[in-house]
Amino acid sequence: MSSEQSALLLQKQLKELQRNPVEGFSAGLANDNIYEWEVLIMGPADTIYEGGFFKALLSFPRNYPQMPPTLKFTTEMWHPNVYPDGKVCILNFGNKCKNIIITLKAPSW
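Summary of the structure given here. None of these values were measured; they are calculated from a predicted model. (Residues numbered from 1 in each chain as written. Predicted model: local features only at pLDDT ≥ 70, side-chain atom pairs only at ≥ 80, totals over all residues. Heavy atoms only, no water.)

### Observations concerning the nonpolar core
Here is step 1 of the chain: Counting 16 residues, the largest nonpolar core has L10, W37 and F60 as the members making the most contacts within it.
Here is step 2 of the chain: Counting only elements with at least two residues in this core, the list comes to α1 (3-19), β2 (33-42), β3 (53-59) and β4 (70-73).
Here is step 3 of the chain: Here the element with the most residues in this core is β2; it accounts for 4 residues.
Here is step 4 of the chain: Excluding residues within four positions of it along the chain, W37 makes contact with L10, Q13, L14, L17, A27, G28, L29, A30, A56, L57, L58 and F60. (Core = buried A, V, L, I, M, F, W, Y, C linked by side-chain atoms within 4.5 Å. Buried < 20%, exposed > 50% of the residue type's maximum accessible area, 1.4 Å probe, protein only. Helix = DSSP H or I, 4+ residues; strand = E, 2+ residues; numbered from the N terminus. Contact = heavy atoms within 4.5 Å.)

As structure tokens, then:
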């Protein structure tokens, strides 16, 4: 798919999101660039993220949808799949994330 076709697809998908919003999620263009979306994710009820508002930048490659977008949170947050710089580890299309070693301290009971 050419970059022109991916741009058309992204325009269509953004319009669809605006016509039929997803609860707890909103998106719009960053700097009028169809390949960069600013997103806002509202923390779901009954989770540790409830009441939170998390901003992120969703970046689409020119060969989208053959390659996946990347997501980087601009709001500080903690999640096992989020690196300290806000980048999200998404495993699909054969992409592999760096190993993250998380040490969980077990309760001493």
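### Some remarks on unusual backbone geometry
Here is step 1 of the chain: Cis geometry marks the peptide bond from Y64 to P65, where omega comes out at 10°.
Here is step 2 of the chain: Topologically, P65 is positioned in the loop between β3 and β4.
Here is step 3 of the chain: Backbone geometry places D32, a non-glycine residue, at a positive phi of 55°.
Here is step 4 of the chain: Turning to its location among the elements, D32 is positioned in the loop between β1 (25-30) and β2.
Here is step 5 of the chain: Residue classification places D32 among the exposed positions, given a relative accessible area of 74%.

### Looking at the packing of aromatic side chains
Here is step 1 of the chain: For the coordinates displayed, the defined rule picks out 3 aromatic pairs.
Here is step 2 of the chain: When the centroid spacing of 4.9 Å and the interplanar angle of 75° are considered together, the rings of F60 and Y64 count as edge-to-face.
Here is step 3 of the chain: Since its relative accessible area comes to 8%, F60 is described here as buried.
Here is step 4 of the chain: Residue classification places Y64 among the buried positions, given a relative accessible area of 12%.
Here is step 5 of the chain: Members of the aromatic cluster, each reached through a chain of ring pairs, are W37, F60 and Y64.
Here is step 6 of the chain: Across from the ring centre of Y35, 3.9 Å away, lies the NZ or CZ of R62, which sits over that ring. (Phe/Tyr/Trp six-rings, centres within 6.5 Å; stacked < 30°, edge-to-face > 60°. Lys NZ or Arg CZ within 6 Å of the ring centre and 35° of its normal.)

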